[in-house]
Amino acid sequence: MSMKFLGIQIAVAIYIYVLTLTRKINGFRIELTPRTSIDSALFPKDLSPEEIHHRIAQLSRARALQLGSKQEPETLKPPVYPSPFANTNIYITKISIGSTQFSPYLVVDTGSDDRWLQCEGCTSCFPIKGGSFPVKESKTYRGLACDHPLCVPKLCSKGLCSYDWKYKEGSEIKGVLSSESFTFPGDKNTSLTFANVTFGCGYDNQNVSFGGYMGSDNIIAGVFGLRAGQRSILRQLEPETNVRFSYCLRLYPTTDGSNTTYLRFGPVTEH
């Protein structure tokens, strides 16, 4: 090999390395919609004014119960998370999961790390208008083995990593720790798909109540956790998120009547 050819190879290698270091990461975002907005998907368009008022009253009662429960002494121990269900001042988001592009609504929760949704085949289920996640139809789904580094604590069932997550208001979520492709809106009308994102596939979901209403037209399929723990989306996608996100929550609708805002991950938080 000539010295000239070797020099060209080294120059190309350095150029590629520099491009890798300077690659601009545009980040990604998720859309947030207040769950109390009557224009959101939580309020079907065929509801009468009386039904809308009744549903808002249910959410208000759930909020009052949550505030009242804060006066009680803390007797529960980890792994018990703050409840994303009883709080009416929460937001929902919609993302695409798996090769089938299943698009559930999830409650955005800053009090927990994990993402989970109810999966088909559940033994204890809550009603979802759009149905549970069709695990067997997705070509990119897999359950994680017990020796997976994110299987903490090491709970195993039939060779797969299982979980048992509890929330303060009494909900208990059990299932298989899994991985799947997640698709998010990117910058400038693009989308970004990330493979092998860890999430919980819920098969035994006890006492789940999203703000006190769980009728047949419930559209919420699970929770999108935002805390920065080991399994969080911030850590799993750290090169894109830089372990940061930002958002601006609207108190009032915009001039076009929209209550929608965005939670932005990574460098897009600087825009």
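These remarks concern the structure in this document. (Residues numbered from 1 in each chain as written. Predicted model: local features only at pLDDT ≥ 70, side-chain atom pairs only at ≥ 80, totals over all residues. Heavy atoms only, no water.)

The subject of this paragraph is the pairing of strand 5 (residues 105-109). With four of five residues buried, strand 5 lies mostly within the body of the structure. Bridging between strand 5 and strand 12 (residues 220-225) involves five bridges; their strand directions are parallel. Bridged to D109 within strand 12 is G225. (Buried < 20%, exposed > 50% of the residue type's maximum accessible area, 1.4 Å probe, protein only. Helix = DSSP H or I, 4+ residues; strand = E, 2+ residues; numbered from the N terminus. Pairing = 2+ DSSP bridges.)

What follows deals with the state of the cysteines. Tallied over the full model, the rule gives four disulfides. Between the sulfur of C122 and that of C125 lies a disulfide, 2.0 Å long from S to S. Taking the sign of the S-S torsion, 120° for the link of C122 and C125, the bridge is right-handed. A sulfur-sulfur separation of 2.1 Å characterises the disulfide bridge that pairs C151 with C161. (Disulfide = S-S within 2.5 Å.)

Moving on, we come to the environment of V223. Structurally, V223 can be placed in strand 12. Look at V223 and you get buried, because its relative accessible area is 0%. Taking the C-alpha atoms as reference points, V223 and Q118, separated by 105 residues in sequence, lie 9.6 Å from one another.

This brings us to unusual backbone geometry. Here the residue pair V152 and P153 is connected by a cis peptide bond, since its omega of -5° sits within 30 degrees of zero. You can see P153 is positioned in the loop between strand 7 (142-143) and strand 8 (156-157). Of note, the phi angle at K158 is positive, near 55°, even though the residue is not glycine. The residue K158 is located in the loop between strand 8 and strand 9 (160-167) in this model. A relative accessible area of 85% means that K158 is categorised as exposed.

This paragraph deals with the environment of F126. Among the secondary structure elements, F126 is positioned in the loop between strand 6 (115-118) and strand 7. Along the backbone, F126 and D204 are 78 residues apart, and their C-alpha atoms lie at a distance of 9.5 Å.

As a further point, take the packing of aromatic side chains. Inspection of the entire model under this criterion finds 11 aromatic pairs. Note on F184 and F224: the rings are 6.3 Å apart at their centroids and 75° apart in plane angle, and the pair reads as edge-to-face. Taken together, the residues span a long stretch of sequence, with F184 in strand 10 (residues 172-185) and F224 in strand 12 at a distance of 40 residues. You'll find F184 and F224 in the same group, each marked buried. These aromatic residues form a ring-pair network of at least three members: F102, F133, Y141, F182, F184, F194, F199 and F224. (Phe/Tyr/Trp six-rings, centres within 6.5 Å; stacked < 30°, edge-to-face > 60°.)

A separate point is the pattern of salt bridges. Two side chains with opposite charge may pair up if their charged atoms get near one another. Tallied over the entire structure, the rule returns five salt bridges. In this structure, R231 and D114 form a salt bridge, with 2.6 Å as the shortest nitrogen-oxygen distance. Of the two residues, R231 is situated in the loop between strand 12 and helix 3 (233-236) and D114 in the loop between strand 5 and strand 6; the sequence distance between them amounts to 117 residues. On the basis of relative accessible area, D114 is assigned to the buried category, the value being 5%. One salt bridge in this structure joins D164 and K166, with 3.4 Å as the shortest N-O distance. What makes K166 partly exposed here is its relative accessible area of 32%. Salt bridges linked by common partners bring D164, K166, E172 and K174 together as one network. (Salt bridge = Lys/Arg side-chain N within 4 Å of Asp/Glu carboxyl O.)

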